[in-house]
Amino acid sequence: MAKKPQLAVDTRPWRDPANNKPFVRIKNVTKKFGDVSAVHDVSLDIYRSELFCLLGGSGSGKSTLLRMLAGFENPTSGTIEIDGQDMTDVPPYNRPVNMMFQSYALFPHMSVEQNIAYGLKRDHLPKGEIAARVAELLALVKLQDYGKRKPHQLSGGQRQRVALARALAKRPKLLLLDEPLGALDKKLREETQFELVKIQEQLGVTFIVVTHDQEEAMTLATRIGVMNQGEIAMIGEPTDIYEFPNSRFVANFIGSANMVEGTVTADEPDHVRIRSAELGCDIYVGHGVDCAPDQILWWAIRPEKMALSREKPESPFDANVTTGIVEEIAYLGDISVYQVALESGKRIRVSQTNSVRGNPDAITWEEKVYVTWHDNAGSVLTV
Amino acid sequence: MFSRGWFLPIAAALGFSFLYAPIVSLVIFSFNESSLVTVWSGFSTKWYGALFNDPQLLGAAWLSLQIAALSATIALVLGTLAAVALVRFRRFRGRTLFSGMVSAPLVMPDVITGLSLLLLFVAMEGLLGWPQGRGMLTIVIAHATFCTAYVCVVVQSRLSDFDRSLEEAAMDLGASPVRTFFDVTLPIIAPALISGWLLGFTLSLDDLVIASFVSGPGSSTLPMVIFSKVRLGVSPDVNALATIIVGIVALGVLAATLIQLRSKPKKARA
Amino acid sequence: MSTTHEPTIPPPRRLRPWNAVERRLARVGITGRMLVLAAPVLWLLVFFLVPLAVVFGISLATKQFGRPPYSPLLTTTEEGTVQLTLHLSNYIRLFTDNLYVAAYLSSIRIAFIATVITLLVGYPMAYAIARAPDKWRNVLLMLVVLPFFTSFLLRVYALSGFMRGNGVINQVLGIFGIPPLAMMQTDFAVYVGIVYTYLPFMILPLYTTLVKLDTSLFEAAADLGARPLRTFLSVTLPLSIPGIIAGSMLVFIPAIGEFVIPSLLGGPETLMIGRVLWDEFFSAANWPRAASVAVAMLVVVVVPIMLLQRVQGAMVEK
């Protein structure tokens with residue numbers, strides 16, 4: 001019998017939770033400040049060597065959650081376990097966790113070397129060992145020649161790297177990063193993103209990153225936890241979060257989405273039909289959905305999942321085609337975003353790749369166009 | 001013209017000469033030979049000599065220096081604790097009363113502070129037998145009380161632009177709260193502590209009114225001795241004394257400014 | 001850099017000496033906060049708040065010979081009942097004796113006039129410093145603060161030497177053939193004294209508000225057609241009101257109770273309440289009367305003090 005070629009083993013432990021032990025286990029954690037819940041009943045498992053991003057707007061509770069992992073805040077209820085040990089009541093200075101602060105929090109009265117060595121000195125390591133480790137870290141972040149400088153003599157990007165080196169110095173099991181790239185300008189941010197991922201993969205340390213920047217989260221993360229008003233709205237890999245949002249909040253928060261309301265007219269195991277007055281046509285969804293006939297629900301679709309044409313395209317199920325007038329065009333170079341006013345008055349956005357150079361035949365303002373999409377292009381949302 | 005013209009520089013120049021002319025003239029006349037303070041009759045340092053041979057004045061100066069050092073030190077501890085409480089403890093019961101008590105001595109007229117403390121000391125002596133009589137101890141207590149307010153203001157302003165995450169970073173790297181205080185908090189607020197102490201020291205050294213109320217027989221401070229001399233008219237040795245004090249203070253303020261400038265590099269936040 | 005290492009951190013050491021101490025204190029209900037607060041709170045209660053209460057109490061006693069030189073408020077009669085004796089005579093005297101009423105009014109008048117002059121002298125200086133080039137600003141500020149650190153008493157003394165009959169001013173005037181002015185021992189000398197000694201207290205808060213004003217505000221006003229004076233009146237002045245109030249209160253409040261300036265620069269007819277209190281205490285040895293004068297003075301300054309605190313609170317929050 002010929003052997004089948006072996007497929008690469010899936011290295012994503014969260015896809016097989018039954019056989020993998022989570023490294024960080026947050027169980028039913030709630031944090032109240034006075035009467036306000038900053039974090040409400042959050043449960044989350046994070047696996048070894050993950051680069052997990054907590055993504056959310058300001059006040060979503062993401063930073064509070066991070067501070068609880070570091071030990072700066074104590075949960076009002078719930079437990080936090082790291083590598084099988086209950087850390088809920090362990091003070092920050094006794095946790096095998098280090099943090100890189102948003103402001104970097106470099107000690108201004110200490111040199112770069114002293115900053116990096118600070119945590120090692122607290123562990124009473126021998127001097128030689130500390131010096132070796134500091135040199136190693138300076139090399140890692142490419143700051144070999146800057147050891148004697150004070151933080152205020154460094155550029156923003158250099159400070160960010162010192163902060164990273166200092167947080168890595170004690171070989172933490174878990175590194176927490178609070179908006180690690182927030183203070184850098186756009187260009188530097190893009191370079192640093194990849195550097196960060198490289199270092200994380202090289203060291204195999206588990207990273208938990210807090211960010212409000214969805215692009216950053218998409219680039220860095222193995223998985224993303226989207227937070228909203230103190231709760232986790234969705235956990236998933238970047239593609240899941242973007243392509244298969246579980247709620248209107250997530251669909252709107254990540255990227256841009258057209259959202260319409262509709263009523264279920266046919267609910268079959270292999271397809272669903274939704275009538276939408278806003279859209280001016282029926283939506284045919286090519287898979288089963290957990291819903292009931294006549295239920296009102298929402299349907300979201302990304303602008304790039306739709307196509308524009310001057311002629312009416314084929315519509316096999318007499319659905320998934322609507323028509324409108326082009327109102328606005330935003331030319332962004334690689335793509336153009338068309339705002340189309342439908343007959344109901346609803347405006348939708350459709351993006352088209354500019355694959356033809358200086359296309360003279362491109363659809364233009366005030367043209368009547370047909371908008372169409374595939375059976376599985378949109379997401380049906382019940383919440 | 002108002003904003004760009006000559007008005008502002010001239011006004012400022014006149015203002016500064018108003019501030020400094022009397023002091024400059026006093027310094028000049030301290031080297032005057034004549035005992036008539038305002039008629040120049042020749043250069044002499046004899047008033048400086050007289051100063052150092054006046055045991056009453058020297059004794060008072062020594063007492064004042066001791067009082068100033070002690071009360072500034074007490075005020076440093078109390079004022080720093082008060083500032084930490086006001087900046088770090090956002091809400092606690094009696095906060096308004098506490099912050100009022102801390103800052104009211106800043107503007108309380110000296111005569112009220114002096115009289116009230118004296119009456120307290122007398123009442124306490126009657127009830128508890130302590131403090132026995134009045135003298136250095138009671139002056140130190142009185143000075144420490146109003147200096148606390150000044151130290152608190154200075155330290156408070158430094159602490160309120162202190163980045164809390166610096167302390168969190170130290171704890172995150174394994175330092176206990178006490179260790180964090182000594183490794184991170186203290187070095188960073190040290191310049192404010194030094195200026196607070198110096199401020200308390202000079203204020204104590206300067207005080208006449210409060211000390212007059214709460215001092216006892218045999219414990220006259222330097223300002224009290226100067227006042228009794230000056231009240232009787234002009235005395236040239238006071239000119240000499242004033243010159244020495246102005247010199248010391250000018251050096252001190254200069255040093256303090258340099259320390260401040262050095263500890264506060266252009267980018268204060270790391 | 002080795003590529004993979006298993007973290008080598010030992011399990012957390014939970015017991016550090018500080019934790020143990022903290023836990024033990026927490027058990028009896030003592031938190032770190034209480035330890036920090038205890039010392040300053042106790043000190044200020046005993047040496048600031050209680051004394052004010054004592055002053056109020058003694059102001060209700062009368063003068064008597066002996067130690068202490070005032071009548072006790074609480075006495076025990078032969079039958080063993082405790083009797084509380086309060087005398088309002090001191091307060092009645094305050095309102096009926098023209099000396100006290102005149103002294104209060106004149107203190108307020110002198111402090112007010114002096115405050116206005118200080119503001120007029122200090123505002124242009126503060127403004128000039130705030131608009132000065134960066135490198136000059138610190139030097140100028142230091143020049144403002146420097147006299148504040150030299151002895152207050154000696155500065156008043158220096159001023160008296162400057163203004164007296166044969167002082168520097170009159171000698172300079174003499175050169176131009178102008179007859180000497182009698183400046184000393186007048187209310188004028190007291191105004192000059194207050195302006196001279198309290199000028200830094202006016203300049204510093206004014207400077208702090210003025211330096212924070214965004215220069216683009218002036219540019220915007222000019223761009224919209226306002227002339228410099230108009231810009232000043234409609235933009236700068238209104239925005240610096242917190243500084244004006246804070247500075248004025250910092251001068252007005254201590255000036256009301258001033259003792260050294262009127263006694264060294266003022267004449268015998270310069271009535272100020274601080275001086276009256278001093279004389280009542282040191283010359284007349286009437287402690288209860290002095291205490292009642294102090295209470296009345298406190299009533300006068302309490303409103304300005306509250307105003308100051310509110311303005312300062314607002315300035316800090318910005």
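Residues numbered from 1 in each chain as written. Chains lettered and ligands numbered in written order. Predicted model: local features only at pLDDT ≥ 70, side-chain atom pairs only at ≥ 80, totals over all residues. Heavy atoms only, no water.

Peer 1: Would you mind going over the pattern of salt bridges with me for this structure?
Peer 2: Should the charged atoms of two oppositely charged side chains come close, the side chains can pair. Considering all chains together, one arrives at 34 salt bridges over all chains under this definition. A salt bridge links Glu136(A) to Arg133(A); the nearest nitrogen and oxygen atoms lie 3.5 Å apart. Here Glu136(A) and its partner Arg133(A) are both found in helix α3 (residues 127-140), three residues apart, which amounts to about one turn of the helix. Given a relative accessible area of 6%, Arg133(A) falls into the buried group. A salt bridge links Arg137(C) to Asp134(C); its shortest N-O distance comes to 3.1 Å. Residue Arg137(C) and its partner Asp134(C) are located together in helix α5 (residues 134-149), separated by three residues, close to a single helical turn. A cluster of three or more residues bridged by salt bridges with shared partners is formed by Arg12(A), Arg15(A) and Glu237(A). (Salt bridge = Lys/Arg side-chain N within 4 Å of Asp/Glu carboxyl O. Helix = DSSP H or I, 4+ residues; strand = E, 2+ residues; numbered from the N terminus. Buried < 20%, exposed > 50% of the residue type's maximum accessible area, 1.4 Å probe, protein only.)

Peer 1: Help me out: how do you make sense of helix α4 (residues 156-168) of chain A in this one?
Peer 2: Side chains three or four residues apart in an α-helix point the same way, a direct result of the helix having 3.6 residues per turn. The first and last C-alpha atoms of α4(A) sit 19 Å apart over 13 residues, in line with the 18 Å expected at 1.5 Å per residue. Burial within α4(A) is extensive, with eleven of its 13 residues counted as buried. Buried residues of α4(A): Gly157(A), Gln158(A), Arg159(A), Gln160(A), Val162(A), Ala163(A), Leu164(A), Ala165(A), Arg166(A), Ala167(A) and Leu168(A), and no others. Turning to α4(A), the residues buried within the fold contact β6 (97-100), α2 (112-122), α3, β7 (174-178) and α5 (186-203) of chain A together with α7 (164-172) of chain B. (Expected span 1.5 Å × (residues − 1). Contact = heavy atoms within 4.5 Å.)

Peer 1: I keep staring at the pairing of strand β14 (residues 296-301) of chain A and nothing clicks. Help me out?
Peer 2: Every regular strand shows the same layout, with side chains that alternate between the two sheet faces. All names here are of chain A. With five of six residues buried, β14 lies mostly within the body of the structure. As paired elements, β14 and strand β20 (residues 379-381) share three bridges and run antiparallel to each other. Each residue of the ladder has a partner; that of Trp298, found in β20, is Leu381. (Pairing = 2+ DSSP bridges.)

Peer 1: Honestly, the interface of chain B and chain C in this entry has me stumped. Any pointers?
Peer 2: For interface size, the figure often reported is the accessible area lost on association. On the side of chain C, 83 residues touch chain B, which itself brings 85 residues to the contact. Note on chain B versus chain C: buried area summed over both sides is about 7,600 Å², and carbon and sulfur give 83% of it. Across the contact surface, chain B and chain C share zero salt bridges. Inspection of the chain B/chain C interface yields six residue pairs in polar contact (both at pLDDT 80 or more). It is helix α1 (residues 7-29) of chain B that provides the largest number of residues to the side of chain B that touches chain C, a total of 15 residues. Broken down by class, the residue content of the side of chain B that touches chain C amounts to 65 nonpolar, 16 polar and four charged. (Buried area = accessible area lost by both parts, 1.4 Å probe. Polar contact = N/O pair within 3.5 Å; in protein donor to acceptor, adjacent residues only side chain to side chain. Nonpolar A, V, L, I, M, F, W, Y, C, P; charged D, E, K, R; others polar.)

Peer 1: Just to check I follow, could you spell out the packing of helix α4 (residues 98-131) of chain C against helix α8 (residues 187-212) of chain C for this structure?
Peer 2: When two helices pack together, their arrangement is given by the angle between the helix axes and by the axis-to-axis distance. Residues and elements named next belong to chain C. Close contact between α4 and α8 brings their axes to 6 Å; oriented N to C, the two are set at 40°. Taken together, the axis directions place α4 and α8 in an arrangement best described as oblique. Considering how the two elements wind past one another, α4 and α8 form a crossing that is right-handed. In terms of residue class, the contact of α4 with α8 is made up of 24 nonpolar, three polar and three charged. (Axes fitted to C-alpha atoms, helices over the stretch in contact; angles between N-to-C directions. Parallel < 35°, antiparallel > 145°, perpendicular 65-115°, else oblique. Left-handed = near helix turned anticlockwise from the far one by under 90°.)

Peer 1: I'm lost on the packing of aromatic side chains in this one. Help?
Peer 2: Per the stated rule, a full pass over the model turns up 27 aromatic pairs over all chains. Between Phe281(C) and Trp287(C) the ring centres are 5.1 Å apart and the planes differ by 25°, which places this aromatic pair in the stacked class. The same class applies to Phe281(C) as to Trp287(C), namely buried. Over the ring of Phe107(A) we find Arg166(A); its NZ or CZ atom is 4.6 Å from the centre of that ring. (Phe/Tyr/Trp six-rings, centres within 6.5 Å; stacked < 30°, edge-to-face > 60°. Lys NZ or Arg CZ within 6 Å of the ring centre and 35° of its normal.)

Peer 1: Looking at this structure, I do not really get helix α6 (residues 136-160) of chain B. What am I missing?
Peer 2: Between its terminal C-alpha atoms α6(B) stretches 35 Å, which fits the 36 Å expected from 25 residues at 1.5 Å a residue. Its maximal kink placed at Cys147(B), α6(B) deviates by approximately 25°. (Bend = angle between axes of the 7 residues up to and from the residue.)

Peer 1: Sorry if this is basic, but what is going on with the side chain of His271(A) here?
Peer 2: Residues and elements named next belong to chain A. As for its position among the elements, His271 is in the loop between β11 (258-267) and β12 (272-276). When its relative accessible area of 18% is taken as the criterion, His271 is described as buried. A distance of 3.2 Å separates polar atoms of two side chains, one belonging to His271 and the other to Asp270. Leave out the neighbours within four places in its chain, and His271 touches Ala266, Tyr284, Val285, Gly286, His287 and Gly288.

Function-wise, these values are silent; they only describe arrangement.
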